[in-house]
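If you want the building blocks of each chain, they are given just below.
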2 protein chains.
Amino acid sequence: MPPTSIKSRFGSRIRSLRDDRGFSQEELAERAGLHRNYVGGVERGERNIALENIVKLAKALSIPTRDLFTDFP
Amino acid sequence: MPPTSIKSRFGSRIRSLRDDRGFSQEELAERAGLHRNYVGGVERGERNIALENIVKLAKALSIPTRDLFTDFP
């Protein structure tokens, strides 16, 4: 089994938190000021998302930024 | 006083952790597999560093990725 990539791990975390809140991708994107397609790409592990957008997603999910990384090494 | 930007906040955190460990910028860069000039730019808050490099810096500093974000909203 190949190791889970950093981008996939982050994407799964975003999707899980979004689902917990009952947000659609579109709703999360709008709250974060990002494009829906971009958020979809992040969730699929296709995007090497940068710092400022990471912080936007944390705010949109109402959690401290560090809590996006609880599954990380 | 202008609010501290996200990039500057992250850069200060990296510099502080690097100093704690007694690493030079060059040493940290080498451990992380990044260029010294790039690490300098991150520390100065000039770079919107992306996920994969954030994780590389955390590993090079021997801390969990989430601990890079203790000062963050």
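This is a predicted model, so every value here is computed, not measured. In this numbering scheme, every chain counts its residues from 1 along its sequence in written order. To label them, take the chains in the order written and letter them from A, then take the ligands in the order written and number them from 1. Totals for whole chains, interfaces and linings use every residue, but because this is a predicted model, local features are given only for residues with pLDDT of at least 70 and side-chain atom pairs only at 80 or more, for both listing and counting. Water and hydrogen atoms were dropped before computing side-chain values, which therefore reflect all heavy atoms in the structure.

Comments concerning the packing of aromatic side chains
Logical step 1: Two aromatic rings from Phe, Tyr or Trp, using only the six-membered ring of Trp, form a pair when their centres are within 6.5 Å; if the ring planes differ by under 30 degrees the pair is stacked, by over 60 it is edge-to-face, and anything between is tilted. Taken as a whole, this structure holds five aromatic pairs over all chains when the rule is applied.
Logical step 2: For the ring pair Phe69(A) and Phe72(A), a centre distance of 5.1 Å and an interplane angle of 70° mean the geometry is edge-to-face.
Logical step 3: For Phe69(A), a relative accessible area of 0% puts it in the buried group.
Logical step 4: Classification of Phe72(A) by relative accessible area gives buried; the value is 6%.
Logical step 5: Measuring from ring centre to ring centre gives 4.9 Å for Phe69(A) and Phe69(B), while their planes differ by 0°; the resulting arrangement is stacked. Here Phe69(A), found in the segment after helix H4 (51-60), pairs with Phe69(B), found in the segment after helix H4 (51-60), and the two come from separate chains.
Logical step 6: Linked through ring pairs, Phe10(A), Phe69(A), Phe72(A), Phe10(B), Phe69(B) and Phe72(B) together constitute an aromatic cluster.
Logical step 7: If you follow Arg9(A) out to its NZ or CZ, it ends over the ring of Phe72(A), 5.9 Å from the centre. Burial status follows relative accessibility: with a 1.4 Å probe on protein chains alone, a residue under 20% of its type maximum counts as buried, one over 50% as exposed, and anything between as partly exposed. Numbered from the N terminus, helices here are DSSP runs of H or I no shorter than four residues, and strands are runs of E no shorter than two. In our convention, an over-ring charge means Lys NZ or Arg CZ found within 6 Å of a ring centre and within 35 degrees of that ring's normal.

Things to note about the pattern of salt bridges
Logical step 1: For this document, the term salt bridge refers to a Lys or Arg side-chain nitrogen within 4 Å of an Asp or Glu carboxyl oxygen. Applying the stated rule across the entire model yields ten salt bridges over all chains.
Logical step 2: In this structure, Lys7(A) engages Glu52(B) in a salt bridge whose closest nitrogen and oxygen atoms are separated by 4.0 Å. One end of the pair, Lys7(A), is in helix H1 (residues 6-21); the other, Glu52(B), is in helix H4, on a second chain.
Logical step 3: A residue is classified by how much of its surface remains accessible, and Lys7(A), at 22% relative accessible area, is partly exposed.
Logical step 4: Glu52(B) sits in the partly exposed class, given a relative accessible area of 31%.
Logical step 5: Notably, a salt bridge pairs Arg15(A) with Glu43(A), separated by 2.9 Å at the nearest N-O pair. Remark: Glu43(A) occurs in helix H3 (residues 36-43) and Arg15(A) occurs in helix H1; sequence separation between them is 28 residues.
Logical step 6: Overall, the relative accessible area of 4% leaves Glu43(A) in the buried class.
Logical step 7: Members of the salt-bridge network, linked through shared partners, are Arg15(A), Arg18(A), Asp19(A) and Glu43(A).

Considerations on the relation of the copies chain A and chain B
Logical step 1: The operation relating chain A to chain B is a screw motion whose rotation component is 180°, with 0.0 Å of axial translation and a residual RMSD of 0.0 Å. Taken together, the rotation and translation relating the two chain copies correspond to the operation of a two-fold axis. Within chain A, the C-alpha atom positioned nearest to the axis of rotation is that of Ala50(A), 1.8 Å from it.
Logical step 2: Should any heavy atoms of two residues lie within 4.5 Å, those residues are counted as being in contact. The overlap is high: 100% of the interface residues of chain A also sit at the interface in chain B, so the same surface is used on both sides. Least squares is used to superpose the copies, and the fit set is the C-alpha atoms of residues whose pLDDT is at least 70 in both copies.

Distances and angles like these do not, on their own, reveal function.
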